[in-house]
Structure formats: structure tokens, C-alpha cells
Amino acid sequence: MQKLKHEQIQYIEFLSADIKKAKNFYKECFGWKFSDYGPDYTAFEGEYVDGGFITGAPVNGTVLVILYSSDLEATRDKVLAAGGKIVKDIFSFPGGRRFQFTDADGYELAVWSE
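Peer 1: Got a minute to help me understand the nonpolar core in this structure?
Peer 2: Side chains of nonpolar character tend, in soluble globular proteins, to be buried together. Tyr 11, Tyr 41, Ala 43, Leu 64, Ile 66, Tyr 68, Ala 110 and Trp 112 together form the largest nonpolar core, which totals eight residues. At the level of elements, β3 (41-44), β5 (64-68) and β8 (108-113) are the ones that each hand at least two residues to this core. It is β5 that provides the largest number of residues to this core, a total of three residues. Here Tyr 68 is in contact with Leu 4, Lys 5, His 6, Glu 7, Gln 8, Gln 10, Val 111, Trp 112, Ser 113 and Glu 114, once residues within four sequence places are set aside. Formed by seven residues, the second largest nonpolar core is a distinct cluster that contains Leu 67, Val 79, Phe 101 and Val 111.

Okay, here's the thing in C-alpha cells:
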């Protein structure tokens, strides 16, 4: 099964005040496995959706939903055409490139590509 589906939710990112504590909790509860990317980021891999924890102060409602796109620029153009607002324009990170936007209700989401 291929997880990467164009313009579908593929990744969820959580803020964590203590990444080690978060990793231990999710390992114990759900058996999640983690890959660390420096001291401030860890990722987990699921069967259908992947995710990560980044150092930051958790606030209810701050989970970042991340969609996958096989054509990042075209997806950004569609977000803009539909009235979305770019919060962070396309930038590179160790796994690829992404941008972040807000929708009509002000929810912030991200889109990434390899």
C-alpha cells in the first residue's frame, strides 16, 4: 500500500514541552516507533498517517495537519485561488519542501512534497 496520496492528509505534527516524555507516553500506550531529527524534533511512522513532535508549548488545538502533494507549487496555487492565505511560503526541510497556510476559518495546515 502506498501512503502518499496527492492532496490527502499524510502527517500530523504536535507541539511538545518534553519530547522524551511524549515519546515514552506514545511508545507505552500505542507502540509507536520514533526517529529523532536533532534535539527538537522526533517523527513517528504509522500505517496510514505519519507524524512528529516538535519542541514548543502545547496549546489545545495546535496540532498541525499536513497534507502531501506530488506538485507543491500547483497545490499552493489552488490554496491561494480558493482564498487561503500563505503563512509560510515554500521552504526546505530535511525531508523535502513544504508551505503552511490558513483556510477560510483560520485553521493552519501545511502541505509537503519530497
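Peer 1: Help me understand unusual backbone geometry, please; the structure alone is not making it clear to me.
Peer 2: What is expected of a backbone is that most residues other than glycine have negative phi and most peptide bonds are trans. Even without being a glycine, Glu 7 presents a positive backbone phi close to 60°. Mapping Glu 7 onto the fold places it in the segment before β1 (8-16). For Glu 7, a relative accessible area of 24% puts it in the partly exposed group.

Peer 1: Help me out: how do you make sense of the pairing of strand β6 (residues 85-93) in this one?
Peer 2: Along a regular strand, successive side chains alternate from one face of the sheet to the other. Taken together, the six bridges between β6 and strand β7 (residues 96-102) define a ladder with antiparallel strand orientation. Looking at the pairing, Phe 93 lines up with Gly 96 of β7. Here β6 hands over to β7 after two residues, the two strands then running antiparallel side by side.

Peer 1: Looking at this model, I keep getting lost on the packing of aromatic side chains. Mind explaining?
Peer 2: Aromatic rings considered in pairs are described by the distance between their centres and by the relative angle of their planes. Tallied over the full model, the rule gives twelve aromatic pairs. Ring geometry for Phe 14 against Tyr 26: centres 6.4 Å apart, planes inclined by 35°, an arrangement best described as tilted. With Phe 14 in strand β1 and Tyr 26 in helix α1 (residues 19-30), this pair connects stretches of sequence that are twelve residues apart. On the numbers, 6.4 Å between centres and 65° between planes, the contact of Phe 93 with Trp 112 is edge-to-face. In this pair, Phe 93 is assigned in strand β6 and Trp 112 in strand β8, connecting sequence segments 19 residues apart. Given the relative accessible area of 31%, Phe 93 is considered partly exposed. In this structure Trp 112 comes out as buried when scored by relative accessible area, which is 13%. These aromatic residues form a ring-pair network of at least three members: Phe 14, Phe 25, Tyr 26, Trp 32, Phe 34, Phe 44 and Phe 53. Stacked on the ring of Phe 93, the Lys or Arg Arg 98 has its end atom at 6.0 Å from the ring centre.

Parameters and conventions
- Residues numbered from 1 in each chain as written.
- Predicted model: local features only at pLDDT ≥ 70, side-chain atom pairs only at ≥ 80, totals over all residues.
- Heavy atoms only, no water.
- Core = buried A, V, L, I, M, F, W, Y, C linked by side-chain atoms within 4.5 Å.
- Buried < 20%, exposed > 50% of the residue type's maximum accessible area, 1.4 Å probe, protein only.
- Helix = DSSP H or I, 4+ residues; strand = E, 2+ residues; numbered from the N terminus.
- Contact = heavy atoms within 4.5 Å.
- Pairing = 2+ DSSP bridges.
- Phe/Tyr/Trp six-rings, centres within 6.5 Å; stacked < 30°, edge-to-face > 60°.
- Lys NZ or Arg CZ within 6 Å of the ring centre and 35° of its normal.

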